[in-house]
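# Reading the structure
Residues per chain, in single letters:
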Amino acid sequence: MMNRFLSFLIQSVVTVPSAVTVWFLSYFAFDLTFLVSSAISLAGGVIVYKITSAVITSRFLKKHQLTRKEYRYIKKNLDEAKQKINKLNRSLFSIRDLPTIKQRLDVLRITRKIQSMTQTEPRRFYKAEKFYFSHLDSVVELTEKYRFLSQQPKKNHEIDVSLYETRQTLTDLTKALEEDLYHVISDDLDTLNFEIDVAKHSIKKLNDTKTIDESRRLK
């Protein structure tokens, strides 16, 4: 999503000098009172701040080929996903089970990666809908269940069976998350493969040209 701090910084850099300039013009050029000049300066600053904000947002949406409605929709879902991922992280770190530590780290790495990429490039959200609307909820729920069962002071056969089944399901879900990540970056992979093919073709063409030139020199 848009970098809020950077946006605020740009808006401030534009707004503050504009507001100061308006104040000086009002007070010295038009000989208005201090209070009136300050009020006009404040109003001008607010207007410039809003205009700058609109321009930044418009450029951001144009860059990522999104409408305002799409952006609001994606932002809402990403904000909700952020809360779920934070909950997932707390559950993962509270589990004291060494056999599943690699699996938990993989889940953490993949979920953070998908969220990070989608925040940076919001249009990727459409490539990650299965993750946001299905797999993320499932992994949060199962991790919570596993944490609860694993923290029981006394375990019986039924709990052990539930833990085993939950581990197996989490293994399947981890594979699903990996597929989600692959789907999110699939366009990048296609582009990379295309660029590699073009590079190989260029190298082959160059080598063929060199071979022909050497053959001509030998003749």
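Cut-offs applied
Residues numbered from 1 in each chain as written. Predicted model: local features only at pLDDT ≥ 70, side-chain atom pairs only at ≥ 80, totals over all residues. Heavy atoms only, no water. Salt bridge = Lys/Arg side-chain N within 4 Å of Asp/Glu carboxyl O. Helix = DSSP H or I, 4+ residues; strand = E, 2+ residues; numbered from the N terminus. Buried < 20%, exposed > 50% of the residue type's maximum accessible area, 1.4 Å probe, protein only. Contact = heavy atoms within 4.5 Å. Polar contact = N/O pair within 3.5 Å; in protein donor to acceptor, adjacent residues only side chain to side chain. Expected span 1.5 Å × (residues − 1). Bend = angle between axes of the 7 residues up to and from the residue. Axes fitted to C-alpha atoms, helices over the stretch in contact; angles between N-to-C directions. Parallel < 35°, antiparallel > 145°, perpendicular 65-115°, else oblique. Left-handed = near helix turned anticlockwise from the far one by under 90°. Patch = residues over 30% accessible without salt bridge, like charges linked within 9 Å, V, L, I, M, F, W, Y side chains within 5 Å. Areas by Shrake-Rupley, 256 points an atom, 1.4 Å probe, with all protein chains shown as cover.

Attention now moves to the pattern of salt bridges. Side chains that differ in sign of charge can pair as their charged atoms come close. Within this structure, the stated rule accounts for seven salt bridges. For the salt bridge of Asp-137 with Lys-84, the shortest nitrogen-to-oxygen distance reads 2.8 Å. Of the two residues, Asp-137 is situated in helix H5 (residues 129-150) and Lys-84 in helix H3 (residues 68-94); the sequence distance between them amounts to 53 residues. Looking at Lys-84, the relative accessible area reads 26%, which means it is partly exposed. The salt bridge partner of Arg-124 is Glu-121, with a shortest N-O separation of 3.2 Å. Take Arg-124: its relative accessible area is 11%, and that puts it in the buried class.

A word on the side chain of Thr-174. Among the structural elements, Thr-174 can be located in helix H6 (residues 157-184). Judged by its relative accessible area of 7%, Thr-174 is buried. Contact partners of Thr-174, with chain neighbours within four places excluded, come to Gln-103, Asp-106, Val-107 and Ile-110.

Moving on, we get to unusual backbone geometry. Located in the positive-phi region is Asp-31, a residue other than glycine, with phi close to 55°. The residue Asp-31 is located in the loop between helix H1 (4-29) and helix H2 (34-63) in this model. Judged by its relative accessible area of 67%, Asp-31 falls in the exposed class. Positive phi outside glycine occurs at Gln-65, with the angle close to 55°. Mapped onto the secondary structure, Gln-65 falls in the loop between H2 and H3. Overall, Gln-65 belongs to the exposed group, its relative accessible area being 59%.

This part is about the environment of Tyr-146. Mapping Tyr-146 onto the fold places it in helix H5. Residues Tyr-146 and Arg-167, spaced 21 residues apart in sequence, show a C-alpha to C-alpha distance of 7.8 Å. Not counting residues within four places of it along the chain, the set of residues in contact with Tyr-146 comprises Ile-95, Asp-97, Thr-100, Leu-163, Thr-166, Arg-167 and Leu-170. One polar contact links Tyr-146 to Arg-167, side chain to side chain, over a distance of 3.0 Å.

The next subject is H5. When the terminal C-alpha atoms of H5 are compared, their 31 Å separation across 22 residues agrees well with the 32 Å that a helix rising 1.5 Å per residue should span. His-135 marks where H5 bends most, by close to 40°. Turning to H5, its buried residues are Phe-131, Tyr-132, His-135, Leu-136, Val-139, Val-140, Leu-142, Thr-143, Tyr-146, Leu-149 and Ser-150. Structurally, H5 contributes buried residues whose contacts are with H3, helix H4 (101-120) and H6.

A few words now on the packing of H5 against H6. In a packed pair of helices, the relevant descriptors are the angle between the two axes and the axis-to-axis distance. At a minimum axis distance of 10 Å, the contact between H5 and H6 shows a crossing angle of 155°. In terms of their interaxial angle, H5 and H6 are classed as roughly antiparallel. Judged by the twist between their axes, the crossing of H5 over H6 is left-handed. Seen from H5, the contacting residues are Lys-130, Phe-131, His-135, Ser-138, Val-139, Leu-142, Thr-143, Lys-145, Tyr-146, Leu-149 and Ser-150; seen from H6, they are Ile-159, Ser-162, Leu-163, Thr-166, Arg-167, Thr-169, Leu-170, Leu-173, Ala-176, Leu-177 and Asp-180.

Look at H6: 40 Å from first C-alpha to last across 28 residues, which is about the 40 Å you get at 1.5 Å a residue. Along H6, the residues that are buried comprise Ile-159, Leu-163, Thr-166, Leu-170, Leu-173, Thr-174, Ala-176, Leu-177, Asp-180, Leu-181 and Val-184. For H6, the capping residue at the N-terminal end is Asn-156, with a side-chain oxygen 3.1 Å from the backbone nitrogen of Glu-158.

Let us now look at the side chain of Thr-15. Considering the arrangement of structural elements, one finds Thr-15 in helix H1. Leaving out residues up to four positions away in the same chain, Thr-15 has contacts with Gly-45, Val-48 and Tyr-49.

Once that is clear, we can look at a nonpolar patch on the surface. A surface patch of nonpolar side chains, about 720 Å² in accessible area, is lined by Val-16, Val-20, Phe-24, Tyr-27, Phe-28, Phe-34 and Leu-35. Among the secondary structure elements, those contributing two or more residues to the nonpolar patch are H1 and H2. Residue contributions to the nonpolar patch peak at five residues, all from H1. Along the chain, the position of Tyr-27 falls in helix H1.

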